[in-house]
Amino acid sequence: MFSRKEIKEIRNQFPILKKKIDSVNPIIYIDNAATTHKPIQVIEASEYFYSNINSNVHRGVHFLGRKATISIEDVRKKIQKFIVAKYPSEILFTKGTTESINLVASSIGNLIKNGDEIIISHAEHHSNIVPWQNICKNKKSILKIIPINKNGFIDIKIFKSLISKKTKIVSINHISNVLGIINPIKKIIDISHEYGAWVLIDGAQAAPNVCLNMQDLDTDFYVFSAHKMYGPTGIGILYGKKKILEKISPYQFGGEMIKNVSFTKTTYSTIPFKFEAGTPNIEGIFSWGKAINFIEKIGILNIQFYKKKLTEYALKRLNNISGITIYGNDSLEKLSIISFNIKNIHFFDLGSILDRLGIAVRTGHLCAQPLMNFFNVLGMIRVSFAIYNTFDEIDYLFESILKAKKILKF
Ligand SMILES: *Cc1c(COP(=O)(O)O)cnc(C)c1O
């Protein structure tokens, strides 16, 4: 467990946390499931890259070109180690989670036939719903939804009754961006494989929170974004098993991804380059490497432990507020994310008052409208933590909600 002093030292690495809103209130940032702030090492990496390395990659024979290529291939290897993948070539750079899911949907979409089935859960982010819906529409295939119970848990028994030999892919989140619930993905992966279906895990909320091991998980695809784990925006990965990546077709076409081009025939490069058409976000990849260093220096297990404590403490305090509904209300399975509403208060009104008091929370449908429908609400208030959040901030949140209730007279 970190001492106050240690957390203060971590906070000191984030310039934005030293800013004041209206030069009065400190920034209480608990909207980390939307994006986290960046430590100084990541911010400085961007300037360092353009001042010392900038060049295109995998092309020129010149000094800077080599340097740039080595610097991003080093990050590929760093991420391979971070998620314990077997080969660096299983790590494909994309713009982020959304593009990674679109890449898989589009590439395996070519293999999907009329009457095939795709399974997702009721608690997915829109970016793990809409790409599959689109494939199903184009291929006349069937989208099946694993239901959740009122506590937000997936029922494995019902999942078993939904899956069949016609299921081509099961795509599900590792940690829900609304409920903070950790899904039983290992069970889902193993069951899916019994039926010959591939599995994609949306790890956007898990990568900053839990220790990942692709070889133990045995998932076919795993996706996440840098910007939710202290890295820059516009960069993320798709992990895919080598055998599968070699088999499926490219997603985009152009430079970088080819071996030979003529007007009659083009052959594609090997993985990962087959899937990386065009100039990548070289600076973003380079800076992401510094964010991974930041996480590894603290230790992902230490981060998980600390965030678990923050979450437990916040649940305890929030549960004392009269009229509160916390969605997916099982504290044991929640990590880092809590969504709630307060009786007779519109989420937007509460969010606005919290904003006036210097607290940044997320309000609205949280990119999960089907889940909002399930709980019969239009939106929620979400708090989500990062390693720089403190127990004092949670106390301040609690007091501010009470204050807001008074202002709104409930
Ligand atoms: C944020 C998020 C996404 C989308 O990530 P982008 O970085 O916006 O592409 C998808 N799934 C979950 C669970 C998320 O939290």
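Up top you'll find the structure we're talking about.
What you are looking at is a predicted structure, and each value in this text was computed from that prediction instead of being measured.

With that settled, the discussion passes to the pattern of salt bridges. One pass over the structure, following the stated rule, counts 14 salt bridges. The shortest N-O distance in the salt bridge between Asp218 and Lys241 comes to 3.0 Å. On the criterion of sequence distance, the pair formed by Asp218 in the loop between α8 (214–217) and β9 (221–225) and Lys241 in the loop between β10 (236–240) and α9 (242–247) is long-range, its members being 23 residues apart. Classification of Asp218 by relative accessible area gives partly exposed; the value is 29%.

Moving on, we come to the environment of Lys243. Looking at where Lys243 falls in the secondary structure, it is placed in helix α9. When the C-alpha atoms of Lys243 and Ile271 are compared, they prove to be 10.0 Å apart, with 28 residues separating the residues in sequence.

Another point: unusual backbone geometry. Outside of glycine, negative phi angles account for most residues, and trans bonds account for most peptide bonds. The peptide bond linking Ile271 to Pro272 adopts the cis configuration, its omega dihedral lying at 0°. As for its placement among the helices and strands, Pro272 is situated in the loop between β12 (266–268) and α10 (282–298). With phi around 75°, Ser336 is a residue other than glycine that occupies positive phi space. Mapped onto the fold, Ser336 is located in the loop between β13 (324–326) and β14 (337–342).

Another point: the site of the ligand. The ligand sits among Thr97, Thr98, His125, Ser127, Asn177, Asp202, Ala204, Gln205, Ser225, His227 and Lys228. Separating a nitrogen atom of the ligand from a side-chain N or O atom of Asp202 is a distance of 2.5 Å. Within the contact set of the ligand, an oxygen atom lies 2.6 Å away from a side-chain nitrogen or oxygen of Gln205. The protein chains hide 86% of the 390 Å² of surface that the ligand would expose on its own. Partitioning the shell around the ligand into residue classes produces 1 nonpolar, 8 polar and 2 charged.

Two descriptors summarise a pair of aromatic rings, namely the distance from one centre to the other and the angle between the planes of the rings. Throughout the structure, instances matching the rule amount to 17 aromatic pairs. Between the aromatic rings of Phe224 and Trp288, the centroid separation amounts to 6.0 Å while the plane-to-plane angle is 85°, which identifies the pairing as edge-to-face. Of this pair, Phe224 sits in strand β9 while Trp288 sits in helix α10, placing them 64 residues apart in sequence. The pair Phe224 / Trp288 is uniform in exposure class, with both members buried. Taking the centre distance of 5.9 Å and the plane angle of 90° together, the rings of Tyr306 and Phe391 count as edge-to-face. Here Tyr306, found in helix α11 (residues 300–318), pairs with Phe391, found in helix α14 (residues 391–407); they are 85 residues apart in sequence, far enough to count as distant. Looking at Tyr306, the relative accessible area reads 2%, which means it is buried.

The rules behind each value
- Residues numbered from 1 in each chain as written.
- Predicted model: local features only at pLDDT ≥ 70, side-chain atom pairs only at ≥ 80, totals over all residues.
- Heavy atoms only, no water.
- Salt bridge = Lys/Arg side-chain N within 4 Å of Asp/Glu carboxyl O.
- Helix = DSSP H or I, 4+ residues; strand = E, 2+ residues; numbered from the N terminus.
- Buried < 20%, exposed > 50% of the residue type's maximum accessible area, 1.4 Å probe, protein only.
- Near = heavy atom within 4 Å.
- Polar contact = N/O pair within 3.5 Å; in protein donor to acceptor, adjacent residues only side chain to side chain.
- Areas by Shrake-Rupley, 256 points an atom, 1.4 Å probe, with all protein chains shown as cover.
- Nonpolar A, V, L, I, M, F, W, Y, C, P; charged D, E, K, R; others polar.
- Phe/Tyr/Trp six-rings, centres within 6.5 Å; stacked < 30°, edge-to-face > 60°.

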